[in-house]
Every structure is written in C-alpha cells, then in structure tokens.
Amino acid sequence: MFKTSEQNNHRCRNGFKRDLSKVLITILAASLLSILLAVNYFTNEFEKERVIRDTYIIGKIIGDRSISSLSFYDVDKARENLAAVKSNPSIDRLCLYAADGKLFSQYQRDGLNLETSCSEKIDAEKSLRVSQEVAAEVIEYSAGRFLLEHSILYDDELMGHLIIAGNFQGQQIEHVRLITQLIVVIFVTIIIAFLIMQLMLRRALKPLDSLFDTTILIAKNHLLAKRATKYKDDEIGALVDVFNQMLDSIEQSHADIQESEERFRTLSSSAPIGIFLMDAEFNRIYANDRWTEITGLSIESSTEEYNARIYEKDFQRVKNTYDAVKRENRKGWVEYQFCLDTDVGCGVTLMEYIAPIEKNEKQSIGGYVGSVLDVTDLRRARHELEKLAYYDPLTKLPNRRNFRDYLSFNLNKAREEGSFLALLMLDLDNFKRVNDTLGHDAGDKLLVILADRLRQRLHDDDLVARVGGDEFYVVLQDVPTLPIVGRIAKRIIEAASEPIEIKNHVIEVTVSVGVARYPLDADTSEGLMRNVDIALYKAKSGGRNQVAYFSSDLDEELKEKLRMETKLKKATMEGALELYFQPQYNAMTKSFSWCEVLLRWPDKDDGIISPFKFIPLAEETGLITEIDYWVMKSSCEKWMEHRKTIKSFGIEGLSINLSARQFFSRQLIEIVENLFKEYNIEPGEIGFEITESLLIEDVDTAITTMKSLRDIGCKLSIDDFGTGYSSLSYLKRFPLDSFKIDKSFIDEISVDEGNLAITSAIIAMAEKLNLDVIAEGIEREEQKLLLLGQGCYMMQGYYFAKPMPTDALLKGDWHEQSGHKTHSWKSSLK
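Residues numbered from 1 in each chain as written. Predicted model: local features only at pLDDT ≥ 70, side-chain atom pairs only at ≥ 80, totals over all residues. Heavy atoms only, no water.

Asker: Could you give me a rundown of the overall build of the chain, with the residues and numbers involved?
Answerer: On a plain count of helices and strands, the chain comes out with 28 helices and 26 strands. Against the globule reference of 28 Å for 830 residues, the chain gives a C-alpha radius of gyration of 66 Å, more extended than a compact globule. Its C-alpha atoms give the chain principal-axis dimensions of roughly 205 × 90 × 60 Å. In the chain, which comprises 830 residues, the proportion classed as buried is 42%. At a minimum sequence separation of 6, the contacts of the chain that also span at least 24 residues come to 61%. By element, 53% of the accessible surface of the chain is carried by carbon and sulfur atoms, the whole surface being about 46500 Å². On the chain, the mean spot of the 103 positive side-chain charges and the mean spot of the 129 negative ones are 3 Å from each other. (Helix = DSSP H or I, 4+ residues; strand = E, 2+ residues; numbered from the N terminus. Rg over C-alpha atoms; globule rule 2.2 N^0.38 Å. Buried < 20%, exposed > 50% of the residue type's maximum accessible area, 1.4 Å probe, protein only. Contact = heavy atoms within 4.5 Å. Areas by Shrake-Rupley, 256 points an atom, 1.4 Å probe, with all protein chains shown as cover. Lys, Arg positive; Asp, Glu negative; His and termini not counted. Charge placed at Lys NZ, Arg CZ, Asp CG, Glu CD.)

Asker: Mind laying out the side chain of Thr-55, listing which residues take part and the relevant values?
Answerer: With respect to the secondary-structure elements, Thr-55 resides in helix H1 (residues 2-72). Residues contacting Thr-55, with those up to four places away along its chain left out, are Ile-91, Phe-146, Leu-148 and Ile-164.

Asker: Outline the sheet that holds strand E16 (residues 511-518), supporting the account with residue identities and numerical values.
Answerer: A sheet is described by the order of its strands in space; here five strands give the open sequence E12-E13-E11-E16-E17, paired in mixed fashion. Here the strands that pair on one side only, and so sit at the sheet edges, are strand E12 (463-466) and strand E17 (547-549). On average, adjacent strands in this sheet sit at an angle of 20° to one another, irrespective of strand direction. As judged from the eight bridges shared by strand E11 (residues 421-428) and E16, these two strands associate in the antiparallel manner. The residue bridging Ala-422 from the neighbouring strand is Arg-517, located in E16. In this fold helix H11 (residues 400-417) packs onto E11, E12, strand E13 (471-477) and E16, with an angle of close to 20° to the strand it touches most, E13. (Pairing = 2+ DSSP bridges. Axes fitted to C-alpha atoms, helices over the stretch in contact; angles between N-to-C directions.)

Asker: An account of unusual backbone geometry is requested, with residue identities and associated values reported.
Answerer: Put simply, Tyr-518 and Pro-519 share a cis peptide bond, and its omega is 5°. Within the secondary structure, Pro-519 is located in the loop between E16 and helix H15 (525-541). Positive phi, normally seen in glycine, also occurs at Asp-155, with a value near 50°. Following the sequence through the fold, Asp-155 ends up in the loop between strand E4 (145-154) and strand E5 (157-167). Of note in this structure, Asn-770 is not a glycine but carries a positive phi near 60°. Position of Asn-770 relative to the elements: it lies in the loop between helix H25 (753-768) and strand E25 (772-776). On the basis of relative accessibility, which here comes to 71%, the residue Asn-770 falls in the exposed class.

Asker: Can you tell me about the pattern of salt bridges, naming the residues and giving the values?
Answerer: Applying the stated criterion across every chain yields a total of 34 salt bridges. Its salt-bridge partner being Glu-293, residue Arg-290 comes within 3.1 Å of it at the nearest N-O pair. Here Arg-290 pairs with Glu-293, and both are found in helix H7 (residues 289-295), just three residues apart, close to one helical turn. Glu-565 is the salt-bridge partner of Lys-569, the closest N and O atoms lying 3.5 Å from each other. You can see Lys-569 and its partner Glu-565 sitting in helix H16 (residues 552-574), four residues apart, about one turn around the helix. By relative accessible area, Glu-565 is classed as buried at 19%. Each member of the salt-bridge network shares a partner with another, and the members are Arg-563, Lys-567, Asp-603, Asp-605 and Asp-606. (Salt bridge = Lys/Arg side-chain N within 4 Å of Asp/Glu carboxyl O.)

Asker: Describe the pairing of strand E21 (residues 654-657), naming the residues involved and giving the relevant values.
Answerer: Two elements, strand E19 (residues 591-603) and E21, share three bridges in a ladder whose sense is parallel. Note that in E21 the partner of Cys-595 across the bridge is Leu-654.

Asker: Which residues make up the state of the cysteines, and what values do they have?
Answerer: This structure, assessed with the given rule, holds one disulfide. Cys-714 provides the cysteine sulfur closest to Cys-636, a residue in no disulfide bond, and the two sulfurs are 9.0 Å apart. (Disulfide = S-S within 2.5 Å.)

Asker: So what about helix H18 (residues 623-647)? Which residues, and what values?
Answerer: Of all the bends found along H18, the most pronounced is centred on Glu-641 and spans about 65°. When H18 is considered as a whole, its buried residues turn out to be Leu-623, Ile-624, Ile-627, Asp-628, Val-631, Met-632, Ser-634, Ser-635, Cys-636, Trp-639, His-642 and Ile-646. (Bend = angle between axes of the 7 residues up to and from the residue.)

Asker: Run through the packing of H15 against H16, naming residues and quoting values.
Answerer: The contact between H15 and H16 brings their axes to 10 Å, and the two run at 85°. With respect to their mutual orientation, H15 and H16 come out roughly perpendicular. On H16, the residues touching Arg-530, Ile-534, Ala-535, Tyr-537 and Lys-538 of H15 are Leu-554, Asp-555, Glu-557, Leu-558, Lys-559 and Lys-561. Here the residues of the contact of H15 with H16 sort into five nonpolar, no polar and six charged. (Parallel < 35°, antiparallel > 145°, perpendicular 65-115°, else oblique. Nonpolar A, V, L, I, M, F, W, Y, C, P; charged D, E, K, R; others polar.)

Asker: Please provide a residue-by-residue account of a nonpolar patch on the surface, values included.
Answerer: A contiguous nonpolar surface patch, about 850 Å² in accessible area, is contributed by Val-184, Phe-187, Val-188, Ile-191, Ile-192, Phe-194, Leu-195, Ile-196 and Met-200. With respect to the helices and strands, the residue Val-188 is situated in helix H4 (residues 169-204). (Patch = residues over 30% accessible without salt bridge, like charges linked within 9 Å, V, L, I, M, F, W, Y side chains within 5 Å.)

Below, the structure is given as structure tokens:
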C-alpha cells in the first residue's frame, strides 16, 4: 500500500513539474512567436517602402535624363535611358509619356510575361493635376507588384510622365531568408530556455520537494517529530513556517487529546457513577467498572439483556426517553426501577443520563455518552425529606406548608359543595415557663402528648397541624352551626387541661383557642388565618384558657391597635411624648419631699392618650426600651437643669417607673451609672418604682438588680402594692425603701371597711419591716384624715398636687394652693 502511495506521490510531483514546464514553454513559445510575427510584419513593410523609395529615386533620375529626349523628341535616346534600369530586378517596365499623354517610349525587362503593357495614351489633365500636387505617386499597389507614376518637370513646366511597374520579388526572397533564420534562432532559444528552466525549476522547487517529502513522512507517521527545512526567507519559506506551525499545533492537539483521553480513563475508572458509551444505534461499546457494579452486567452484555432487567412498568418510559434523545438530538434523563439477580430484586432505583455526541455535518450523531447512578438511598432520603417538608418531625403532625395546602383544598371543596368550615388556632398558655423550669425536653414531650390528645379528640376528616413552637391549627369540616364548633373547642380545652406527668412533675397546662368560620368570617385561606389569629389574640388578652370567636369588633379593635402602634412609633421618633411631675406630700413635716415622674402623650387627633393604653402597646412592640431610656435620660437632664428651683419647694429627688424589660435588662446598671455621671446626679436624688407583679416573675434576678441599684445609692419602692401576689417571704428579701399603696384601695377607703382593713395591714407591715409607706390617689380630705389615723404620712394625689408639665412645676403655684381646699378633680391615669 505504501509503495503504491509513493508511486502516486512521485507521479503527482513530476506531473506538477511537467505542467509547470508546459506552462512556461508555452508562454515562452507564444512570446517568441509574437515577436516573430511582429518582426515579419514590420520588416516586410519596411522592405516594401525601401523598394518603392529606391524605385522613386531611379524614376527621378530617369525622368531628369529624359527631359532632353522629350524636348528634342529623341525616341532612341529615351529608349536608351529607360534601358539603364535593366540591372534592377525590382523594375519590370518603364512607360514614358509626353506632356500630352501620348506614349513616347517604353522598356520591359526581358523574359517578363505581363498581362498588360504601356497604354498608348493617358489622361493628361489628370496627370497634370497630379503633377501640381506631388512629384510622384503610387497609382497601383497589388500583391507583389506596384505602379509608380512620376511627373517630369523642368522649371516648373510639365515635360512628360514616367510610369514605372515594379515588383517585390527580390525583397520577398530576402524576407523569407530572414524569417527562416529567425525561426531557427527561436527554436534553439526554446531548447536552451527549456534546459535552463529545468535547472532553475529543480533549484526553485527544492524547498517544495523537501516540504512534500516531509508531508509524506508525516502522513505515514503523524506522531513523527520531523519538520520541513526552510531554505530561504521568501514565500516558500513563509509557507514552510506556517506548515511547521501547523504540525506543532497538531502535535499539541494530539497531546491534549491524549491527555484528555487519559483524564477520561482516570475519571471513568474512579468515578462513583457508571459511565458508558454507545454507538448511533444504542449498542454499548464501553462501560466503566462502576457501571458493571451497579447493573450486575458485564460490558459484553447486549442491549436486550439490559432492557430485560428494566422494571416492565418503567420500560416504555425509558424507551420514550431514548427515542426523544435520538429524534430531537438533545440531552435526556430518566429514573426507573432495575432488577438485579440478588435478594434486592427490583428494589433498585437507577437514574440514567444520556447525551448525543455530535460527529460531523453528514452524520449529526456519532454516538451517545451516558451515566447511571444508583439513587435507591437518595430516593428514600427524598421521601424522608418530603415528610419533613410536610410534617412536623416532633409531633408527626402536618406542618404549616401541609396545613396551607389542606386548607386551600378544603376551602375550594366547601365553596363547590356549599358547606361550612371552621378554623381553630390553639396556643398553650405559659408554655415558656415549662421550658424554663423543666427544660426543653420536657416541653417537647408535652407537645407530643398534647398532639396525641388532639388527634384522639377529633374526627379523621379533620386536620390538626403544628405550625409553630406551641401553636396548632385545627380545620373542622362541615360544621354548620356555632354550638357544634363550641363543643369541639371545649373538648380541646378539656383535653389540654388534663394533668400530664413529666420527669416526676405533674403539669397542668391551659390552652387559648381562636375560632374563625367560612364563609361567615372570611372566604379565603389568608382571610381565615388572619381572623383566627385576631380571635386567638382576644382569647389570650381576655384571661387565657378560653375560646374567642372572630367578629367585626375584634377586627376593628386590631385595626385601632395597629393605628395606635403606628402613631406611637411616629411620636417616639418625633419626641412627642412629654414628662409630667406629681409631687408627694409629707404630712409629718407638712411639706413636699419627693416627686414622681409620669409620662404623657398629647396627640392632636386623640387628645391626651392614657398611659394604660400606650404603655402596654409599647411593651408589646418593643418600643418600651427606647421610651424607658428617654424617660430616664430626660428626667436626669431636667433634674440637673432645675435642681435648685425644685429643691426650693422641699423636693429632694425624683422617682422613675421602670418597666419589666428595662428592669431585667443587663445594661440597666451601666445605663444608670453613665447617666448619673453625665448629668452629675447624686444617687440619693433619683429613685425607682417597680410594680409588685414584675418582681415575682424572676425573684432571684430581681433581688440582684435591686441590690445593685441600692449599691449605687438609689431609693427603691414597690408600686401598686397589694394588687400582686408576692409572698411575705419575698418581701423581706427585697432591698426596699418603701411601699406605695395602690389607688384602688384608697378610692373607697372611707366607705369600704375591707379596703380600710387592707390599707391598715399594709401600713402596719411596712412599719414592722421598717419601710416607708406612700398612699397614692388622695383626692379628698377624709381620705387624708383616715390615712393619718392609720399612721400613713406620705401621700400623693390630686388633693395635694396634680401631675403637671415642667413649666407648671417650676412656676410653683401648686405649692401655694396645695391642701388649703378640697379638690374635686378626677384622677389622671399614670
């Protein structure tokens, strides 16, 4: 095969030289032939002109010599003159005419056979006109012959005419001899040029021959490192450079392909998935070891063997995928069950990915590459993830996502059937206390037990879902009347309230329930969820452990709450809140000794908004922290600015109310110390009031905070004492300075013996604990007198001074009018 190829290459190379030689010889021959033709033409014309010119000169000489013969009518002399040209082969005949045009004499070369002879007479007038224009004229010019008419003049007088008949035969003979010599020269030139051209071609084509030989060698062995030799820096040299660069690129590409193939082999052999190659007809031509491990088949196994192990219900889907990949020339994947010759059987799930390999323009698909992965464990994990996505992992109840889908589906069903549906929202009361006291494990167990109880109390068609920490939704289907919903809600509350034993502790929990109904309260999922949340809020704020039903009034109440929340945020940002001050009276010294700082919110739309309305809202929204800090900072600032004036009224300091969030804040002590330092406050000039119910939330932390405040030097007082549930054992542990008897006991102290007895007991207890006692809400003189009779000398209320802004406090009018007459003003809420 290689010998035949070499012969073909040799013929191709010689054929190229031969064709190039033919072209060059043809060009050379055509050039020389063109030159020959040009020389032939121009020399022929030149010789003709020379013959005519010479004949003209001879004619002029003969004409001049014939003047005397014509003048004396000497015919013999004229014939002798004409015969003088017989040695010139180019002149065939001479005809001498007199001035009147009659033939005078003639001469004809011997042996010449002419068809015509001299005319006896010529047109003298015409000849006269010619003689006036030119001395001689060629009057006839045919192939090989010519006639020349010469006018004979003497002193501008026409003496006669001479017509000469000539030929070009001599000239033609010379011309043929010249052309023959040129042809011989051209032929020799072509031979010499061919030989020179062959030599030059051999030298010029040597780089191409070398390039050709290198190409043949590379064609035999494409991995050969040989490169073409560059002889000159010319066009062929540039071609050699490009050819060598191409070989370098091919070599690099081949190296890259080999490296890629090696990487593919390495990847394929170590890949955790099965990799296979198939031809255009889906016949397997390669598979890695992992493929055989996954399928249990060998690489030699046929496509039919593999297809036989595909689960019969999945086979058509697999076939459709393969057909689509081939038909649409695109990627595809399919998941199917596969049967192994093991105990697993058809329990293996495989995921197969297949993609076409594009080959060339004529054959769009050169085969297929694919991968197969055992996703059995992944499928099980996906199933578990789906369970996690739709079910609560702790209680195994449906989660929020599942609940939303269920509610939306059953709402559409109820809408189509015209039936009723109720949505209940449950929230455990004080669930946080269980987590805090017994730990989160106990809380989780409580939720599991409660979930089981709820499932047992509801029908199978109803849904109970856990959507938050201790929040549950219940969907009741086909409940046309409110009493039916009420009975189910009651069963839920009873189930939740049954004692539960966890970690040797018996826990009794309660649950608050909100109810919203379709289509009475809302006709969308979002509307029902919003309204049931409003109802639950009402149940919890109304005392908990109860059922609350949504109504339009609740909706308006919530809207009002949101409106107030927005206004409060704006008021806080714009500094619209104001400090008010209410002095405290010491009946023993008959002077004012202290002053409580109160907070007021004047609004241009709602007037003075009660603290009982906006303080709980601030605590719920988290604004209380910002408000508390502003009250404390502003109080210190006011005291520093007006200390001297306020003390002139006998007031030695200010009492500031602390909210629960601020009291239990870890930054409280640092804030107090920084403010005292910033405004140069003596610790004994600022006191704090804490509500009784706040202290019992976390007694140990409360005692620690109170001791820290006492260490700074601040006075501490329990506000609204008597309304909470603190025990005497706690009271003796609290580092207090005073109690403040709640206004609710003072209001009816003159007519209610019970209130009088409680007030007397509080005063007596304070005396035993060596604490001051302050009665607040004093509005009438009889209240004052009864308290003095019980030993209470510190008092606060409208009877002495009403709450007032800073300007009114500094003005001092309240100090002069205080206690001189009975006041009928109604109490202002703190």
